[in-house]
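Here are the chains, one letter per residue:
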Amino acid sequence: MPNKYNVRAEKITTESSDSKSFIFTPIDNEEGLYDYLPGQFFMLEAKITRPESIVYDKESKQMIPSGPDVEVVEKKAYSVVSSPTQKGQIELMIKSEQGVFAPYLLDQFHEGDTCTLIGPTGKFMKEIFEQNSKFIACWSAGSGIPSTLSLMQYCLDNQLGTKVVAFDSNKTLDDIIYHDKIKEMVSKSEHFKAVFTATRQPLDQLPKSTSDVIYESGRFWTGENTLSKHTDNRGFFDKLLGKKTNWLEYFNTICGSSSFINGKGRDKAGKMAKLGEGVEDHLLKFECNPSNIDKDQYYLQ
Ligand SMILES: Cc1cc2nc3c(=O)[nH]c(=O)nc-3n(C[C@H](O)[C@H](O)[C@H](O)COP(=O)(O)OP(=O)(O)OC[C@H]3O[C@@H](n4cnc5c(N)ncnc54)[C@H](O)[C@@H]3O)c2cc1C
């Protein structure tokens, strides 16, 4: 049964033009607050002021607000960025998708303000801990990065020696959320690696790659097995196995929008449809075992 916690925003940091991170501390009860594993989430409940009606317009593909401003209490799910090893605080990251809650909260919620967290809950990444997976590829797009960071911090603090490769996709370099934090995390462990791709920015405008922080341009999996490229026999020597690792040994976690995960979205008529291919499709095409894939869909798009 998820608990409710009254929390205060101790620190709010702008992470990109449309996202902020929030470090929350408990105001009173904190029993069970840190009883979570990487991949789990809290419902964040807060009071916001927004137009009375906000309706999705299929033509412009935008949310159209109308009517007078009203005060509402709304709650949405946010994955934990911090690790349960970091007691005393819960970090969440919120990115605006131009919807009915996040843009208003990002605009109106300030340091010192209070809200409610309900949780922790969720099954994403649970298999990693149940199977004691030692090789993990975390695929994220946009706001899908929180669980990857939580997992890396958790592996580091518990000295698990788990290989974690973060594959993070964004439109441009400026859209990467927690860019510095990810690089810093990778620098803390020989077991970590990050592969960033900018889908709408050419390679010559991206930083120079190093052996463990790599920059690419375009979508992952375009004409290649991206996982194999960055994990197989390319200097990723595993001390536990005493050999270079094979990409099929990796457990894959995929987090973000439906289009990133499996290419599904709404067609022109607003109906659910398969519009393209996502990371899961590519993994399966290369005969990745389906039991080595876990998904966390944030929204349909
Ligand atoms: C388990 C879980 C964990 C999550 N963790 C995070 C996290 O760590 N960070 C984070 O930023 N988000 C996270 N999310 C997403 C988050 O819960 C919210 O969905 C997100 O903040 C958007 O909420 P919103 O109300 O502002 O947008 P919504 O109003 O829900 O809109 C979301 C998108 O859908 C579009 N849309 C709305 N209605 C329609 C329609 N009828 N047809 C077509 N498109 C439509 C909107 O234009 C917008 O682009 C998570 C979601 C889940 C389920």
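Residues numbered from 1 in each chain as written. Predicted model: local features only at pLDDT ≥ 70, side-chain atom pairs only at ≥ 80, totals over all residues.

**Concerning the site of the ligand**
What counts is decided by this rule: By definition, a residue lies near a molecule or strand when the C-beta atom built from its backbone is within 6 Å of it. Secondary structure follows DSSP: runs of H or I at least 4 residues long count as helices, runs of E at least 2 residues long count as strands, and numbering of each begins at the N terminus. Residue type decides the class: Asp, Glu, Lys and Arg count as charged, Ala, Val, Leu, Ile, Met, Phe, Trp, Tyr, Cys and Pro as nonpolar, and the leftover types, Gly among them, as polar. Where each domain begins and ends is defined by an automated method or by a domain database.
In the vicinity of the ligand there are 25 residues, among which Tyr56, Gly99, Phe101, Ala102 and Ser143 approach most closely. At the level of elements, β3 (41-57), β4 (62-79), β5 (90-95) and β16 (293-299) are the ones that each hand at least two residues to the shell around the ligand. Classifying every residue of the shell around the ligand by side-chain character gives 13 nonpolar, seven polar and five charged. For the shell around the ligand, the two domains that each supply at least three residues are domain 1 (3-121) and domain 2 (126-299).

**Thoughts on the domain arrangement of the protein chain**
Domain annotation of the protein chain identifies domain 1 (3-121) and domain 2 (126-299). Between the C-alpha centres of domain 1 and domain 2 the distance comes to 25 Å. Elements that contribute at least two residues to the side of domain 1 that touches domain 2 include exactly β1 (3-16) and β5. Its residues assigned to classes, the side of domain 1 that touches domain 2 comprises six nonpolar, nine polar and four charged.

**Regarding helix α4 (residues 179-187)**
Definition in use: Counting other C-beta atoms within 10 Å of a residue's C-beta gives its exposure: the residue is buried at 20 or more, exposed at 12 or fewer, and partly exposed in between, where C-beta atoms are placed from the backbone. Starting at the helix axis, one direction is taken to each C-beta atom, and the arc is that of these directions. Contact between two residues is assigned when their C-beta atoms, built from the backbone, lie within 7 Å.
Within α4, the full set of buried residues consists of His179, Ile182, Met185 and Val186. Down the axis, α4 shows its buried residues gathered within 130 degrees of arc, on one side only. Seen from the open side of α4, the exposed residues pointing more than 90 degrees away from its buried face are Asp180 and Glu184. Residues of α4 that are buried sit in contact with α3 (146-157), β8 (163-170), β9 (192-198) and β10 (213-217).

**Describing the sheet that holds β4**
Note the threshold: At least two DSSP bridges between two strands are required for those strands to pair. Axis lines are fitted to C-alpha atoms, over the contacting stretch for helices. Their N-to-C directions set the angle, which ranges from 0 to 180 degrees.
Overall, antiparallel pairing links the six strands, which are arranged β4-β3-β6-β1-β2-β5 in an open sheet. Looking along the sheet, the strands with just one partner apiece sit at the ends: β4 and β5. Across the sheet, the axes of successive neighbouring strands diverge by a mean angle of 45 degrees, strand direction being ignored.

**A word on the sheet that holds β9**
Read across the sheet, six strands follow the order β10-β9-β8-β7-β13-β16 without closing on themselves; strand pairing throughout is parallel. Only two strands of the sheet have a single neighbouring strand rather than two, namely β10 and β16. Pairs of neighbouring strands in the sheet enclose a mean axial angle of 15 degrees, with direction left out of account. By the bridge criterion, six bridges tie strand β13 (residues 251-257) to β16 in an arrangement that is parallel. Across the sheet, residue isoleucine 254 finds its bridge partner in β16, namely lysine 295. Against the sheet, α4 touches β8, β9 and β10, its axis set at about 150 degrees to β9.

**Regarding the nonpolar core**
Stated precisely, the cut-off is as follows: Only buried Ala, Val, Leu, Ile, Met, Phe, Trp, Tyr and Cys residues enter a nonpolar core, and they are joined through C-beta atoms within 7 Å.
Core analysis: the biggest nonpolar cluster contains 70 residues, and Leu92, Ile136 and Val164 have the highest contact counts within it. When residues in this core are grouped by element, the largest group, six residues, is from strand β7 (residues 135-141). Not counting residues within four places of it along the chain, the set of residues in contact with leucine 92 comprises Phe22, Phe24, Phe42, Leu44, Tyr78, Val80 and Val81.

**A word on α3**
Applied cut-off: Multiply 1.5 Å by the residue count of a helix minus one, and that product is the helix's expected span.
Compared with the 16 Å implied by 1.5 Å per residue over 12 residues, the 17 Å span of α3 between its first and last C-alpha is a close match. Every buried residue belonging to α3 is among Pro146, Ser147, Thr148, Leu149, Ser150, Leu151, Met152, Gln153, Tyr154 and Cys155, and all of these are buried. Directly after α3, the chain includes glutamine 159, whose backbone phi takes a positive value near 45 degrees.

**As for the pairing of β3**
Side-chain positions along a regular strand alternate between the two faces of the sheet. Relative to β4, β3 runs antiparallel, the two sharing 16 bridges. Of the residues in β4, the one forming a bridge with aspartate 57 is glutamine 62. Where β3 hands over to β4, the hairpin turn is made up of four residues, of which lysine 61 adopts a positive phi near 55 degrees. Sheet topology places β3 next to strand β6 (residues 114-121); four bridges connect them, and they run antiparallel. The residue bridging phenylalanine 41 from the neighbouring strand is threonine 121, located in β6.

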